[in-house]
Every structure is written in C-alpha cells, then in structure tokens.
Amino acid sequence: MSSRLVSSLLALATAATVVSCGSAETPTAAAPATTAPAAAPATAPAAATPAAPALSITDPWVKTAKEGMTAAFGTLVNNSAADVTVVSGASPLSPMIELHEVVDKDGKMVMQPKQGGFVVPAGGSHELAPGGDHIMIMDAKEPVEPGAEVPFTLTLADGGTFAFTAIGKDFAGAKEDYQPGSHNG
Ligand SMILES: [Cu+2]
C-alpha cells in the first residue's frame, strides 16, 4: 500500500471532522433555553396507569383490645360494574381472621362465620359494623391501642386481593357476643 494513499485518506477524514465539528457548534451556542420543554412529552405515557381497583373501604377501624378477640369494621365500596365477593381476610395482628355475621339465635345475638363471604354489589357498598358483618380477629397477638394502624388484606373470589389499614378505636357498644365461650362456665 502506498503511503500516499494513506495520507490522502487521512486528509479526507480530517476534513470531514472539521466540517462536522463546525456544524455541531452552531446550534449548541444558539439556544441554551430550549432544553426545558423537553420534560413535557415524558408525562404523556402516564395514561397507561393500571385500572382503578374494584374495591375501596371507607373509615376502616379496628376495636381496641388488650389481646385475643376483636373485630374490624368499615364500609366496603365496589367501584366496578360487577359484584365483588370477599372470601377471606388476613392481618399480621393474628393468624386467625374470619369473616363473620351476627344472627339472632333464640333471642340472643351471636356471631358466626358468614357462608359465601361478603358480597359487595356492583356499584354499591357493604357495611361492616358492630352488630352486623365484621372482620373477626380471633387471636390478636398484641394489644390494639387507640390510633394503632393495623394492616389487613382481603382475598376476593376472583383471586385478587385488597389491602387497607384500619385505625384502632375504642368502642364499648358492640351488641354481638365477642366471648362465645364465656357463657359455658
Ligand atoms: Cu365475630
């Protein structure tokens, strides 16, 4: 290979570099203020957020207790166009969480597991309240103090879950029997 050809190629490459450097410098120096609007298009893909969850809960709370039995309440709201059925519940507060209802047995209000779970109608709500349906905590492992934040996770019939945090609240007026075993002695 002749050294003359090599030097010719180098000369071409050098010329091209000079041209590209010169053309690149012009826009850089021209408009330093044009970089700010670049952030705007980044927000457009946010439309791809996941659909709103079907369930929500209004004013969730859990009855304060030293330990053992207590219950959680609130109004389950169904934001979807299909019924949602809650089939079970869980909480770090206790390994035994049940879905309960209160029924009249021989004039005495007693609670028992609700067959089929809690059905929250499409576009409607299902109230969990003292004296009615409730999330039963059978064996709380630690005290529930006023203002405590107790996490719960509900499992739905379709396999989905719904998590919320209930706030510890004193309540003395519950009519259901929270101590079913205490009447046998
Ligand atoms: Cu109960």
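Higher on the page you've got the structure.
Chains are numbered independently. Their residues run from 1 in the order of the written sequence. Only residues with pLDDT of at least 70 are given local features in this predicted model, and only at 80 or more are side-chain atom pairs given and counted; all residues enter the totals for whole chains, interfaces and linings. Calculated side-chain values reflect all of the structure's heavy atoms, with hydrogen atoms and water omitted.

(A) Looking closely at the overall build of the chain. Regarding its fold elements, the chain presents one helix and ten strands. Only protein chains enter the accessibility calculation, which uses a 1.4 Å probe; a residue is then buried when its area is under 20% of its type maximum, exposed when over 50%, and partly exposed in between. Sorting the 185 residues of the chain into buried and exposed places 30% on the buried side. Whether two residues touch is decided by their heavy atoms; if any such pair falls within 4.5 Å, the residues are in contact. Sequence separation of 24 or more characterises 64% of the internal contacts of the chain that already satisfy a separation of 6 or more. Shrake-Rupley sampling with a 1.4 Å probe provides the accessible areas, and residues are treated as covered by the protein chains on show and by no other component. Here the chain has roughly 11,300 Å² of accessible surface; of this, 60% comes from carbon and sulfur atoms. Helix numbering and strand numbering both begin at the N terminus, where a helix is a DSSP run of H or I of at least 4 residues and a strand a DSSP run of E of at least 2.

(B) Highlighting the coordination of the copper ion. For Na, K and Ca the donor cut-off is 3.2 Å, and for all other metals it is 2.8 Å, counting N, O and S atoms only; because water is absent from this set, sites may look incomplete. The protein atoms that coordinate the copper ion are His100 (ND1), Met111 (SD), His134 (NE2) and Met136 (SD), at distances spanning 2.0 to 2.2 Å. Labels for metal geometry use angle windows, namely 85 to 135 degrees for all angles of a four-donor tetrahedral site, and for square planar (four donors) or octahedral (six donors) sites opposite donors over 155 degrees apart plus all others within 65 to 115; sites meeting none of these are irregular. Geometry at the copper ion is tetrahedral, judged from its four donor atoms and the angles of 106 to 116° they form at the metal. Of note, the donors binding the copper ion are all from one chain and are spaced H-x10-M-x22-H-x1-M. One end of the pair, Met111, is in strand β5 (residues 108-113); the other, His134, is in strand β8 (residues 134-140), and 23 residues separate them in sequence. Looking at Met111, the relative accessible area reads 13%, which means it is buried.

(C) Examining the side chain of Asp133 more closely. Assignment of secondary structure puts Asp133 in the loop between β7 (125-128) and β8. Counting of polar contacts relies on pairs of N or O atoms within 3.5 Å, with two restrictions inside protein: one atom must be capable of donating a hydrogen and the other of accepting it, and residues adjacent in sequence are counted only when both atoms are side-chain atoms. Within the structure, the side chain of Asp133 is placed 2.7 Å from the side chain of His126, a separation counted as a polar contact. Among residues more than four places away in sequence, those in contact with Asp133 are Phe73, His100, Glu101, Lys114, Phe118, His126, Glu127 and Leu128.

(D) Quick peek at the nonpolar core. By convention a nonpolar core is built from buried Ala, Val, Leu, Ile, Met, Phe, Trp, Tyr and Cys residues, the set being connected through side-chain atoms within 4.5 Å. Membership of the largest hydrophobic core comes to 24 residues, with the highest contact counts inside it found for Leu55, Leu76, Val86, Ile135, Ile137, Phe152 and Phe164. For this core, the secondary structure elements donating two or more residues are β1 (55-63), β2 (68-78), β3 (84-90), β4 (97-105), β6 (118-120), β8, β9 (149-156) and β10 (161-169). Among the elements that line this core, the one with the most residues is β9, at four residues. The contact partners of Phe152, leaving out residues within four places of it in the chain, are Ala72, Ala90, Ser91, Ile97, Ile135, Ile137, Phe162, Ala163, Phe164 and Ala166.

(E) Structural context of the pattern of salt bridges. The term salt bridge refers to a pairing of a side-chain nitrogen on Lys or Arg with a carboxyl oxygen on Asp or Glu at a separation within 4 Å. On inspection of all chains with the given rule, the structure shows two salt bridges. In this structure, Lys114 and Asp133 form a salt bridge, with 2.6 Å as the shortest nitrogen-oxygen distance. Taken together, the residues span a long stretch of sequence, with Lys114 in the loop between β5 and β6 and Asp133 in the loop between β7 and β8 at a distance of 19 residues. Under the relative-accessibility criterion, Lys114 is labelled partly exposed at 25%. Residue Lys141 is joined to Asp139 by a salt bridge in which the shortest nitrogen-to-oxygen separation is 2.8 Å.

(F) Main features of the side chain of Ser94. On the secondary structure map, Ser94 appears in the loop between β3 and β4. Judged by its relative accessible area of 4%, Ser94 is buried. In terms of polar contacts, Ser94 uses its side chain to reach the backbone amide nitrogen of Met96, at 2.9 Å. Setting aside its immediate chain neighbours within four residues, Ser94 contacts Ile137, Met138, Asp139 and Ala140.

The values reported here are purely geometric and, on their own, carry no functional implication.
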